[in-house]
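# Notes for the structure review
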Amino acid sequence: MYTVDAARSWATAVAVKDGRITYVGGDSVPGGLIGPETEVIDLAGQMVLPGFQDGHVHLLTGGVELGECTLFTLPTPAAVADSIRACAAARPTATWVRGAGWELTVFPGANPGRALLDSLVPDRPALMDAADGHSAWANSKALELAGIGRDTPDPADGRIERDPATGEPSGTLRESAVHLVSRLLPARTDVELAAGLARAQRLANEAGITSAFEAAADERHLRAFAGADRAGKLTLRIVAAAEAEPDSGGIDDLVRRLGTWRKRYSTRRVRPIAAKLFQDGVIESRTAALLAPYLDRQGDAGTPTYSQPTLDSLVAALDRERWQVHVHAIGDRAIRMTLDAFERARRANGARDARHTITHLQLIDPADIPRFRRLGLVANFEPFWANGDEYLTRLAEPALGPSRSRWLYPIGSVARTGAVVSGGSDWSVSSIAPLDGIEVAITRRAPDDPGPPWRPEEVVDLSTAIAMYTINAAYANQQERETGSIEVGKLADLVVLERSLFEVEPREIHAVRVMRTIVEGRTVFERRE
Ligand SMILES: [Zn+2]
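In short, a report on the structure. Since the structure is predicted, the reported quantities are computational estimates derived from the model, not experimental observations.

This part is about the environment of Gly437. By the element assignment, Gly437 lies in helix H15 (residues 434–443). A residue is classified by how much of its surface remains accessible, and Gly437, at 2% relative accessible area, is buried. Considering only alpha carbons, one finds Gly437 and Ala231, 206 residues apart in sequence, at a separation of 32 Å. Filtering out sequence-adjacent residues up to four positions away, Gly437 remains in contact with Pro383, Phe384 and Tyr469.

Put into structure tokens, the structure is as follows:
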């Protein structure tokens, strides 16, 4: 047992009573701990770690998507097409055909055309989200219903991709342009949400996850989580970030609304303590906000979501109400603006143990790296992304050039400053398995990829990678006093792995099987073969 306590000590036995850890140490368990009712599990050399915590995941929408057309990791346009055709045929009465997960790298220019989707779904509107959630692909019926034509201007913070010859919408929509269509979709029912949660938490438990940071929850999502917990059905802890986009009511209205949600949907295992903001998009679609222009888009450096004064006011208002602010920032400009906003909020409201977080952190200007530690921020990375795949080598790096690309996903550099670095999956964007993320964090290459590591100067060691998904994520989730390590008095959230991660080759970590997942002393997943 690698306990991940402050001394990073090892043990060979743990005792649990009433959901809490009562003993951690050697095999000679003190007398009285094992009674006639005690279940004794001989792990026969398997490894125990604190239950994994995912620092950024879209559990509910990911689970719902699994009930629709799922296109994740399909490698060719033909495979995507086959899947959509089958999925549409299986849902003859659905008014819309919905799906998610097509990879940007599969289509030229990350730009699938509507003609293909028209041929697959000719009779109904169809909308397929991209794997990264920042683009979507619509057929002609959907575009028509949304009133998107040749003369429709791009919305603020969004782009309607167009045929360069005719100016007609090509079918691919970026960022806020997606909403022009998605707002027409029928709302998911409470039954669909509950089924999605059930699917997602099963997957999470199978991957060894005992706590998840739900990265963007609206009120109905929060209600689904709280409802599941009140019904005794929730098999992991949820720390939720409420979507914090101000509408016409402005910032005061937003803060009031979130305050109501926090009161209404807090349960024993559900804690809506964070507020989620987006400060930019993604580099692959050229919607991330950069300090210098994209090399392939003359003078265009991307546009941040909020101006600096608006971001400052939003962050300060949320900080004042004791929210943990969780900001999506990908480009070096969006990241710097967010750091500035946190610094100003701290000056305005006074320093407190806020644990504000910046998530994704794809391109950090080196001058900003020490600021995370200095401002007491959590740096949330999705280590799986730092694997040198085509999103990086074909879509991102060419737009940045070599010297800026050096600072893509600088996990090691941020960790070396002593800042708290947490790990997340961003599932359903990418694999939910923490073991996949841990492997890439220490190898900087995709599981089963025989090639050389990608930017190996930013690797972290195995202890750091494990901490990212246990004690550090617990700190980000504001529950490190109760979870995140194996220590007497803490909640018994544990994962049992087939083999010790310290005894397998780094590139084999993803293949180590999760044997058992325990939440508060109760087994929520057990491998049966
Ligand atoms: Zn996300």
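This part covers the sheet that holds strand S9 (residues 158–162). Overall, mixed pairing links the 6 strands, which are arranged S5-S6-S7-S8-S10-S9 in an open sheet. What marks the edges here is a single partner per strand, and that holds for strand S5 (69–70) and S9. Where strand S8 (residues 135–138) meets strand S10 (residues 169–175), 3 bridges bridge the pair, whose relative direction is antiparallel. Within S10, the position partnered with Trp137 by the bridge is Thr172.

Attention now moves to unusual backbone geometry. A cis amide bond links Trp427 with the next residue in sequence, Ser428, at an omega value of 15 degrees. If you trace the backbone, Ser428 turns up in the loop between strand S17 (420–423) and H15. With phi around 50 degrees, Glu175 is a residue other than glycine that occupies positive phi space. Within the secondary structure, Glu175 sits in strand S10.

Time to look at a negative patch on the surface. A cluster of acidic residues, Asp448, Asp449, Glu505 and Glu508, forms a negative patch on the protein surface. By relative accessible area, which is 30% here, Asp449 ends up partly exposed.

In a perfect tetrahedron of four donors around a metal, the angles come out at 109.5 degrees. In a perfect octahedron of six, they are 90 or 180 degrees. Here the zinc ion is held by His56 (NE2), His58 (NE2) and Asp426 (OD), and the distances to it run 2.1 Å. Expressed as a motif, the donor residue spacing for the zinc ion is H-x1-H-x367-D. With His58 in the loop between strand S4 (52–57) and helix H1 (59–65) and Asp426 in the loop between S17 and H15, the pair connects residues that are 368 residues apart, well separated along the chain. Judged by relative accessible area, which is 17%, His58 ranks as buried.

Further remarks concern the packing of aromatic side chains. Pairs of aromatic rings are described using the distance from one ring centre to the other and the angle between the two planes. Within the structure shown, the criterion is met by 8 aromatic pairs. Between Tyr409 and Trp454, the ring centres sit 6.5 Å apart and the planes meet at 65 degrees, which makes this aromatic pair edge-to-face. Pair noted here: Tyr409 is in the loop between helix H13 (402–405) and helix H14 (411–416) and Trp454 is in the loop between H15 and helix H16 (462–468), with a separation of 45 residues, a long-range link. Each member of the pair, Tyr409 as well as Trp454, carries the same accessibility label: buried. Aromatic rings pair up to connect Tyr2, Trp10 and Phe502 into one cluster. The ring of Trp323 carries the charged tip of Arg262 above its face, separated from the ring centre by 4.0 Å. Over the aromatic face of Tyr475 sits the side chain of Arg355, whose NZ or CZ is 3.9 Å from the ring centroid.

So, on to helix H7 (residues 219–230). An ideal rise of 1.5 Å per residue puts 16 Å on 12 residues; H7 measures up with 16 Å between its terminal C-alpha atoms. Among the residues of H7, those classed as buried are His221, Leu222, Ala224, Phe225, Ala226, Ala228 and Asp229. In this fold, the buried residues of H7 make contact with H1, helix H6 (190–206), strand S11 (209–217), strand S12 (237–243), helix H8 (250–264) and strand S13 (270–278). Here H7 starts with a cap whose side-chain oxygen sits 3.1 Å from the backbone nitrogen of Arg220, and that cap is Asp218. Downstream of H7 by a residue or two, Gly232 has a phi angle that is positive, lying close to 75 degrees.

The rules behind each value
Residues numbered from 1 in each chain as written. Predicted model: local features only at pLDDT ≥ 70, side-chain atom pairs only at ≥ 80, totals over all residues. Heavy atoms only, no water. Helix = DSSP H or I, 4+ residues; strand = E, 2+ residues; numbered from the N terminus. Buried < 20%, exposed > 50% of the residue type's maximum accessible area, 1.4 Å probe, protein only. Contact = heavy atoms within 4.5 Å. Pairing = 2+ DSSP bridges. Patch = residues over 30% accessible without salt bridge, like charges linked within 9 Å, V, L, I, M, F, W, Y side chains within 5 Å. Areas by Shrake-Rupley, 256 points an atom, 1.4 Å probe, with all protein chains shown as cover. Salt bridge = Lys/Arg side-chain N within 4 Å of Asp/Glu carboxyl O. Lys, Arg positive; Asp, Glu negative; His and termini not counted. Charge placed at Lys NZ, Arg CZ, Asp CG, Glu CD. Donors = N, O, S within 2.8 Å, 3.2 Å for Na, K, Ca; no water. Phe/Tyr/Trp six-rings, centres within 6.5 Å; stacked < 30°, edge-to-face > 60°. Lys NZ or Arg CZ within 6 Å of the ring centre and 35° of its normal. Expected span 1.5 Å × (residues − 1). Polar contact = N/O pair within 3.5 Å; in protein donor to acceptor, adjacent residues only side chain to side chain.

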